[in-house]
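A structural walkthrough
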Amino acid sequence: MKITYLGTAAAEGLPGLFCNCEICQRARRLGGKNLRTRSQSLIDDTLLIDFPADTYAHMLHYNVPLSHIHSVLITHTHQDHLYLEDPGLRFGVFSHELDGKMTLYGNDALVRNYDKMYRSDPNDTHLDGNLDCVELKEFVPVCIEGYTVTPLLANHDKNEKCFIYLIQHGETSLLYGNDTGLFPDKTWSYLAGKPLDLVSLDCTTIKYPDGNNHMGIADNLSVLKKMSELHCLKPTTKVVLTHFSHNGEMLHDELQQEVEPYHFVVAYDGMSVNF
Ligand SMILES: [Zn+2]
Ligand SMILES: [Zn+2]
Ligand SMILES: [Zn+2]
């Protein structure tokens, strides 16, 4: 499998949309891997995860074949993971020569927002065959694009049932773990004994521990310790950190140096990892 990180920032982007803190100023000045757009990833050029407003920029910069993407997993409805207006351009005058529909998969909040925006008038059929939305249930595996996808409960916005995802293809497994703090017990019970090939973790708060809504490096280490105890890790398991905030106060190279002893990979926009 291959994962490509298209966007690796938290909600405000890095540098932050309106921010003039020292980290954002240095990020603007240094550029490169310090410039991070909002959260999105692509599995094997087939399965998209999240659909923020920055999807358009990702399409331009990384040649994302959006017209051929038919399935999108949505983690939760926060603005940096879902800009629901854009998928609605998938019809008629806005998008010619489409081959089939694109389906958004996610929690009940996604479906509620989708129904309000696109299904409130039963006579309005303009998106039929072009766009759809399907609710997933936590811990119930489904087959999407040949992958076994299982939504697991995150520890994030308590007003919404946020998901992280276990994605399996043949013998290969990926845990896509943002946005979340330390995992709920039910998620640990589900993961126990399931070996993972790549673990992708929320590291929003970087040098400051959180654990309740997001994670920092210390939280990532405690997650890995528990994974080891529950036999989720192999000697070859890759660990990637993503979803960074300026409030974590580290630019890319500093962060990579900080986590070097643990062999963690620090994601940056455009980075691909094979596993
Ligand atoms: Zn987020
Ligand atoms: Zn800032
Ligand atoms: Zn969030």
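Up top is the structure these notes are about.
Keep in mind that what you see is a predicted model, and the values were worked out from it rather than measured. (Residues numbered from 1 in each chain as written. Chains lettered and ligands numbered in written order. Predicted model: local features only at pLDDT ≥ 70, side-chain atom pairs only at ≥ 80, totals over all residues. Heavy atoms only, no water.)

1. Remarks on the coordination of the zinc ion (ligand 3)
Taken together, His76 (NE2), His78 (ND1), His156 (NE2) and Asp179 (OD) make up the protein donors of the zinc ion (ligand 3), found 2.1 to 2.4 Å from the metal. Given 4 donor atoms and angles of 91 to 165° at the metal, the environment of the zinc ion (ligand 3) is assigned as irregular. Considered as a linear motif, the donors of the zinc ion (ligand 3) on their single chain read H-x1-H-x77-H-x22-D. Between the zinc ion (ligand 3) and the zinc ion (ligand 1) the interatomic distance comes to 3.5 Å, and aspartate 179 is a ligand of both metals. One end of the pair, histidine 156, is in the loop between strand 8 (147-153) and strand 9 (163-169); the other, aspartate 179, is in the loop between strand 10 (172-177) and helix 4 (185-191), with 23 residues separating them in the sequence. The class of histidine 156 is buried, set by a relative accessible area of 3%. Of the residues examined, aspartate 179 reaches a relative accessible area of 2% and is grouped as buried. (Donors = N, O, S within 2.8 Å, 3.2 Å for Na, K, Ca; no water. Tetrahedral: all angles 85-135°; square planar, octahedral: opposite > 155°, others 65-115°. Helix = DSSP H or I, 4+ residues; strand = E, 2+ residues; numbered from the N terminus. Buried < 20%, exposed > 50% of the residue type's maximum accessible area, 1.4 Å probe, protein only.)

2. Side note on the nonpolar core
Counting residues in each nonpolar core, the largest one holds 28 residues, and the members touching the most others are Leu175, Phe183, Leu191, Leu201, Met227, Leu241 and Leu255. With 4 residues, the top contributor of residues to this core is helix 5 (residues 217-229). For leucine 255, the contacting residues outside a window of four places in its chain are Ile206, Ile217, Phe244, Met250 and Val266. Counting residues in hydrophobic clusters, the runner-up holds 24 residues, among them Leu47, Phe163, Leu198 and Phe275. (Core = buried A, V, L, I, M, F, W, Y, C linked by side-chain atoms within 4.5 Å. Contact = heavy atoms within 4.5 Å.)

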